[in-house]
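Chain residues, written in single-letter form:
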Amino acid sequence: MIAEAGLAALWLAAGLAAFQFFLMILALRSDVEVTRAMRSIAVVQGTLTLVAFGMLLLVFARSDMSVELVFANSNSAKPFIYKVAGTWGNHEGSMLMWVTILAVAGAFVALFSRRTGERTLIAGLGSQAMLALGFYAFLLIASNPFARLSPAPPDGQGLNPLLQDPGLAFHPPTLYLGYVGLSVAFSLAVGALLTGEVDARLARAMRPWVLGAWILLTLGITAGSYWAYYELGWGGYWFWDPVENASIMPWLAATALLHSINVLAARGALKAWTMMLAVIAFSMSMVGTFLVRSGILTSVHAFAIDPERGTFLLALLSIYVGAAFILFAVRGATLKEGAPFELVSRESGLVVNNLILSVILGIVFLGTLYPLFVEAVSGEKLSVGAPYFNAVAGPLALVLAVLVGIGPLLSWRRERRPVLKQLRIPALIAATALAITIILAPGIGILPRLGLVVAAFLAAAGILPLVGRNPLRAPLATWGMVVAHFGIAVALAGMAANAAFTSERLAIAKTGETLSVGPWLVQLQDVTPTAGKNWTAIEAQLRASRGSGAVTLKPQTRYFSDPPTETNEAAIRTFWNGQLYTVVGKSDSSGGWQLRLWWKPFVTLIWLGGALIALGGALAMLGRLLRMRRRQGASVDWRRKSYA
Amino acid sequence: MSRSLRFTPLALLLLIVLALIWRLATPTSTNVPSKLEGKALPNFTLAEAVPSKPTVSAADLATGEPRIVNIFASWCVPCVSEVKVLQELKGRGVAIDGIAVRDKPQDIAEFLARNGNPYERIGSDPQSQVQISLGSSGVPESFIVDGKGVIRYQHIGPIEQSDVPMILAKLEQAR
Amino acid sequence: MRRLLILLALVAAQPLLADSNLPPAYWANRQLPDPKEEAKAQALMEELRCLVCQGQSIADSDAELAGDMRDLVRRRIAAGEKPGDIRAWLVQRYGTWISYKPTAELAAWPLWLAPIALLIIGAWLIRRRIKLKAGS
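Every value quoted in this text rests on a predicted model; they were computed, and no experiment measured them.

Each value, and the rule that gives it
Residues numbered from 1 in each chain as written. Chains lettered and ligands numbered in written order. Predicted model: local features only at pLDDT ≥ 70, side-chain atom pairs only at ≥ 80, totals over all residues. Heavy atoms only, no water. Pairing = 2+ DSSP bridges. Helix = DSSP H or I, 4+ residues; strand = E, 2+ residues; numbered from the N terminus. Axes fitted to C-alpha atoms, helices over the stretch in contact; angles between N-to-C directions. Domains from an automatic or database assignment. Phe/Tyr/Trp six-rings, centres within 6.5 Å; stacked < 30°, edge-to-face > 60°. Core = buried A, V, L, I, M, F, W, Y, C linked by side-chain atoms within 4.5 Å. Buried < 20%, exposed > 50% of the residue type's maximum accessible area, 1.4 Å probe, protein only. Contact = heavy atoms within 4.5 Å. Disulfide = S-S within 2.5 Å.

Chemist: Would you explain the sheet that holds strand β11 (residues 593-601) of chain A in this entry?
Modeler: Working definition: the strands of a sheet are paired by backbone hydrogen bonds and lie parallel or antiparallel to each other. Residues and elements named next belong to chain A. Spatially, the four strands line up as an open sheet ordered β2-β11-β10-β9, and their pairing is antiparallel. The sheet terminates laterally at β2 (503-509) and β9 (571-575), the two strands that pair on one side only. Averaged over all neighbouring strand pairs, the angle between strand axes comes to 15 degrees, with direction disregarded.

Below, the structure is given as structure tokens:
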């Protein structure tokens, strides 16, 4: 019954989405008053989809094996929290989550959007419904999550212990909220292109949605990076794997969009670019979903390999992005840009910022798909990986980081004060940092060295907007900007330190032997077998010391039987100035054990920086929401207010 | 904004979607073929794998007649059924040499005793060095080498019954 | 879901093929005694693609063939061979696919020209947005 209720709710929601689209056409072509109807229906559609998702959660929570999806992906012996997380740990469930977020976002826009022009709001809600419709169709036709199995088997197949990991369970929802949150920007942009109301007001309406999605994407990517770092057992945090690239591309587009919206909101300029970025950001989300599920790119993280589903997704993607691009091409002529910006002004700074972000986005996109293009054209197989991306994106990111330090100091319209004077101290700090690295670490590569220098510059320059004024009276939005930009400096410092100062030690050690890695002396004290609930392992006991005091680390190699797998559980210890990362491998014929040890100075700054960036965004969002609240005064009941 | 500029994103989208459609229609294979087809066999000498058979070296393979070099291992599951097909080829007069990758002599001997021995010569490649120098990336794989020591064909995966006519044809071509 | 767990098993870097019984090659998991040589070897290993994995370099992979290739790289670097020559030798056998760093061949040129081209195109697109001459 529960599953059928969920399916029925989904069908109803799809029907309402279609009706919403029809209402939009009606409103745009005639004078019919549809605002209230549109808002109500959007809310009902969102509620119905939420109900459908709730039903799926329920069947997973109750381990209802008569539902095929639960049978394939769950088991009654799973801990409760992983039963629930199993709802989205599969293709159908995660697509249902995708469409739920899409519909609920539409409902929220219908409920809370007061700053958008009425016609644009209707057009925006209509296009959001259109987006949802395609994914409803996908679910109902090709990926039904509620399909039944008869007779119901006694228990399920999904007891893979590898998937019972908190990071793996909760990483997808955060990312999805980010990916799909960008759909609101897409829909509002499409709506505005349809009605012609591309202006500062639209930008202010779009901003909180973009900010919210961007914050979640930042958190999702940071968390995913840390999960890969500790789980994959080799100390890497970013591999430029196609699936990872699929998550960074929407983020790059959303970052550029966020800044472009600020220009549109403040000056009414960069209309075409902002609309294009809004379309591209969600398009990148859809491209990412397609890449991960179609199996066309080889990846360690690939979610599923199903060309049939890939085809459906490609069709949806082509229709949606194609329609948006056609709209842009046709209506683009009406987007009148204003007077050009002064060379030294915040607008110009933001334009250059967007330029560099777009170039990095283009490079990641090209590099990810290039092997495919080459093979299609010439049949030759080539590989594009970390060496390429690091070599190309790295320098660009450094240039961008320097500009991030300078830009916020510029005024709108025209910078009359001598900005360079303000930058004297950060420049001095950067020069000092350069000197220090040359003296203390002459052997490190040029890119890591520049990374450290630029990080020092940005850390100093980033806080300048707060210097010389009462920090407590500065608007939250300014605090947000400062914290986010400072976070970039912190993450950059972590990446550069990791690249420059990591010490690695690989060796075959017998018990009692001591190895050195960086400033540490690590002794292999013992290797013992051990066991857990559904695994056996060999566990090494390591004693690490540098100077005074010692710590114990116990890395393991775990063996699971169902399915037969082997994993490395790294033992990591965090100190104020870095992490000690240890992995134990197999024994060799001489009775020694394979050990991999890393000393990674300041590596945790990478994820701390990511968290700070997200925090900065949250502060900015809070600031804007509070400001909006204050301006509105008493809340307006949109059901009673009439739009004249 | 000029017209051509406004339509550029659409044009790019079209190209990208076409490429993606192509990829969906022709799925990528995970095999990495050797690029040495048509090139001379690289020089190598291997240690003896089993005492009963002489070892393989590059010179031995340029005998004037085409031969098959079969890369196998005792721990390789599809190799077991491949031995029967190789026996059949041997029965038809095909000369087959074997290279055992990452294997211990007693395991190789046991494998041959259990499944049969279609090889004239067998070499032992315990660290995959010769396998890598041939551009091979897995087991089982077979190379057809012509009389002058040039690699003419690489067969990835086990030679199945249905492949026999094709293999015989390739051997003819290599004459 | 089964596919996900198979692929996750690969995340734990289990090779696709059955395992042999032999231990890894000598230099698969040992560092060269000379740190400069080891650094060169490590840099090269991070650029070579594992033949039996789903998108990993041989430096990151647990697969046996990857270990044998690491052994090959380290032995040759210790013998004085240049990383570029080792890469070329492998490319001769496996094609450009095995190099994660796109080589200098014609098919890879667009990749290296792309950043400059994109910057130029981008700058041209925004040329009218920024006043470069005072009072224009």
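Chemist: Looking at this structure, how should I read the domain arrangement of chain C?
Modeler: By a frequent convention, interface size equals the accessible area lost on bringing the separate parts together. What the domain assignment reports for chain C is domain 1 (19-101) and domain 2 (104-136). Using C-alpha coordinates to define each centre, domain 1 of chain C is positioned 37 Å away from domain 2 of chain C.

Chemist: Quick question: what am I supposed to make of the packing of aromatic side chains here?
Modeler: Any aromatic ring pair is given by two values, namely how distant the centres are and how the planes are angled relative to each other. Residue and element names in this part refer to chain A. One pass over the full model with this rule turns up 30 aromatic pairs over all chains. Between Trp98 and Tyr176 the ring centres are 6.2 Å apart and the planes differ by 80 degrees, which places this aromatic pair in the edge-to-face class. Of this pair, Trp98 sits in helix α5 (residues 91-112) while Tyr176 sits in helix α7 (residues 166-195), and the two are 78 residues apart along the sequence. A centroid spacing of 4.6 Å and a plane angle of 50 degrees characterise the contact between Tyr229 and Trp607, whose relative ring orientation is tilted. Linking Tyr229 in helix α8 (residues 200-231) with Trp607 in helix α18 (residues 605-632), this pair joins segments that are 378 residues apart in sequence.

Chemist: Sorry, what's going on with the nonpolar core here?
Modeler: In terms of nonpolar packing, the biggest core is built from 168 residues, with Phe135, Tyr136, Met206, Met275 and Phe290 of chain A touching the most fellow members. Ranked by the residues each element gives to this core, the list is headed by helix α12 (residues 346-378) of chain A, at 15 residues. What Tyr136 of chain A contacts, discounting residues up to four positions off in sequence, is Leu10, Ala13, Ala14, Ala17, Gln45, Thr49, Val99 and Ala103 of chain A. If you look at the next biggest cluster of nonpolar residues, it comprises 44 residues, including Phe44, Ala73, Trp75 and Val101 of chain B.

Chemist: Quick question: what am I supposed to make of the side chain of Ser260 of chain A here?
Modeler: Residues and elements named next belong to chain A. As for its position among the elements, Ser260 is in helix α9 (residues 242-267). Judged by relative accessible area, Ser260 falls into the buried class, the value being 0%. Every residue in contact with Ser260, bar those within four places of it in the chain, is listed here: Leu270, Trp273, Thr274, Leu277 and Asn354.

Chemist: Help me understand the state of the cysteines in this model?
Modeler: Two cysteines joined by a covalent bond between their sulfur atoms form a disulfide. All names here are of chain B. By the definition in use, this model includes two disulfides over all chains. Each sulfur in the disulfide pair Cys76 and Cys79 lies 2.1 Å from the other. Between Cys76 and Cys79, the S-S torsion sits near 90 degrees, and that sign places the bridge as right-handed. Taken individually, Cys76 and Cys79 each receive the classification buried, so the pair is uniform in this respect.

Chemist: How should I be thinking about the pairing of β9 of chain A in this particular structure?
Modeler: All names here are of chain A. Looking at chain direction, β9 and strand β10 (residues 578-587) are connected through five bridges and run antiparallel. Residue pairing across strands places Thr574 opposite Gln579, the latter belonging to β10. Hairpin geometry of β9 and β10 is characterised by an intervening segment of two residues between the two adjacent antiparallel strands.

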